[in-house]
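# Analysis of the macromolecular model
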Amino acid sequence: MKKILNITFGSFTIMMILFTFFRQFDLAPEINNETVLLVLIISTSIALLMELSDKIQNHYDISSIWIDLVVRISICYVVVFIACASFGVVSFSLFGLWEITPTLILCFPLTYFYTVYMNNELAESINQAIQKRNKIE
Amino acid sequence: MKLLIEQSTDIQETEIKIVCGYMDDRLKRLIEQIKLYTFSFVGYSDGISTPIALENIYYFDTVDNTVFIYTKDKVYSSDKKLYELEEYLSNSPFTRISKSCIINTSVVASVRAHFNGRIEATLTNEEKLIVSKHYIQEFKRKFIF
């Protein structure tokens, strides 16, 4: 649950920052209640589906970095496209799919590197604990 | 904490008894260490059964429904199932790191983060094992209380 909330609020914050930034240059729609709700729905859905994909990968003992990457990109594409098309931000067509690509190209690496950063922090803290243990021994 | 050692030639089997009120992290760690240095498993290699002390076991891995015991430089098969081992090894430095593997965290030399959210653990014999995302928190708890 904590993990899902972390991903939800992490990606929500990043997306809102990007929205605000692009709004300055008229490259994003105006931020209103509907936009905030849309971003929240996208963030929550992505977090839930990512957790589900982790569970499936764990069940089948899949450890390929590429499968994981493809699954994650597909989740982002499907969720963002369905949500944006449902709210009328983009059309339910191939062009609509193309329209969301620039946003995803920006958002995906940011959220991905956020996860990598958190993982690096964890690895670092474990290494420190190992060093401390080795000193005691 | 009091440490009482009773030594007598009449005692047939060494017994360790812990009397406590609240089991804090330090005590849990102590119990883990006692288990590590007092328990052993029987491993089979070329039809010969060998008792292997827990502290010499690096990890357990399942291949085609058979559990293998990996020591520093030898591999033995085991007649136990992984879920049985997991239950038996609770409150020990061993922890599950994937659907098929249980690792001895006391032989982990270092860890490295992977791009896909997993962690790669390097053992003291230079072997590398992958910790699945699902088991990372449990793995972390073995090092950071």
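Residues numbered from 1 in each chain as written. Chains lettered and ligands numbered in written order. Predicted model: local features only at pLDDT ≥ 70, side-chain atom pairs only at ≥ 80, totals over all residues. Heavy atoms only, no water.

Under an unreviewed UniProt entry, chain B has the name Transcriptional regulator, LytTR family and belongs to Anaerorhabdus furcosa.

The name given to chain A in an unreviewed UniProt entry is DUF3021 domain-containing protein, and the organism recorded there is Anaerorhabdus furcosa.

## Details of the nonpolar core
It is characteristic of soluble globular proteins that their nonpolar side chains tend to be buried jointly. In terms of nonpolar packing, the biggest core is built from 27 residues, with A:I42, A:I46, A:V80, A:C84 and A:I100 touching the most fellow members. Of all the secondary structure elements, the ones that give two or more residues to this core are α1 (2-24), α2 (33-59), α3 (65-86) and α4 (94-136) of chain A. Here this core gets 8 residues from one element, more than from any other, and that element is α3(A). If we skip the residues at most four places from it in the chain, A:I42 touches A:M15, A:V79, A:V80, A:A83 and A:C84. A:I130, B:Y59, B:V108 and B:A121 belong to the second-largest nonpolar core, a separate cluster that totals 23 residues. (Core = buried A, V, L, I, M, F, W, Y, C linked by side-chain atoms within 4.5 Å. Buried < 20%, exposed > 50% of the residue type's maximum accessible area, 1.4 Å probe, protein only. Helix = DSSP H or I, 4+ residues; strand = E, 2+ residues; numbered from the N terminus. Contact = heavy atoms within 4.5 Å.)

## Side note on the UniProt feature "domain: HTH LytTR-type" (unreviewed entry) in chain B
Here the UniProt-annotated "domain: HTH LytTR-type" (unreviewed entry) positions come out as residues 41-145 of chain B. Between the C-alpha atoms that bound residues 41-145 of chain B there is a distance of 27 Å. The span itself is 12% helix and 47% strand. (UniProt positions renumbered as here; feature names shortened; annotations may be inferred.)

## Focus on the interface of chain A and chain B
Listed by partner, the interface residues are 25 residues for chain A and 27 residues for chain B. Taking both partners together, chain A and chain B bury about 2,200 Å²; carbon and sulfur atoms supply 56% of that area. Linking chain A to chain B there are 2 salt bridges. B:K133 serves as the salt-bridge partner of A:D54, at 2.8 Å between the closest nitrogen and oxygen. Scanning the region where chain A abuts chain B turns up 8 residue pairs in polar contact (both at pLDDT 80 or more). Take the side of chain A that touches chain B: its biggest share by element is 13 residues, from α4(A). When the residues that make up the side of chain A that touches chain B are grouped by side-chain class, the tally is 10 nonpolar, 9 polar and 6 charged. (Buried area = accessible area lost by both parts, 1.4 Å probe. Salt bridge = Lys/Arg side-chain N within 4 Å of Asp/Glu carboxyl O. Polar contact = N/O pair within 3.5 Å; in protein donor to acceptor, adjacent residues only side chain to side chain. Nonpolar A, V, L, I, M, F, W, Y, C, P; charged D, E, K, R; others polar.)

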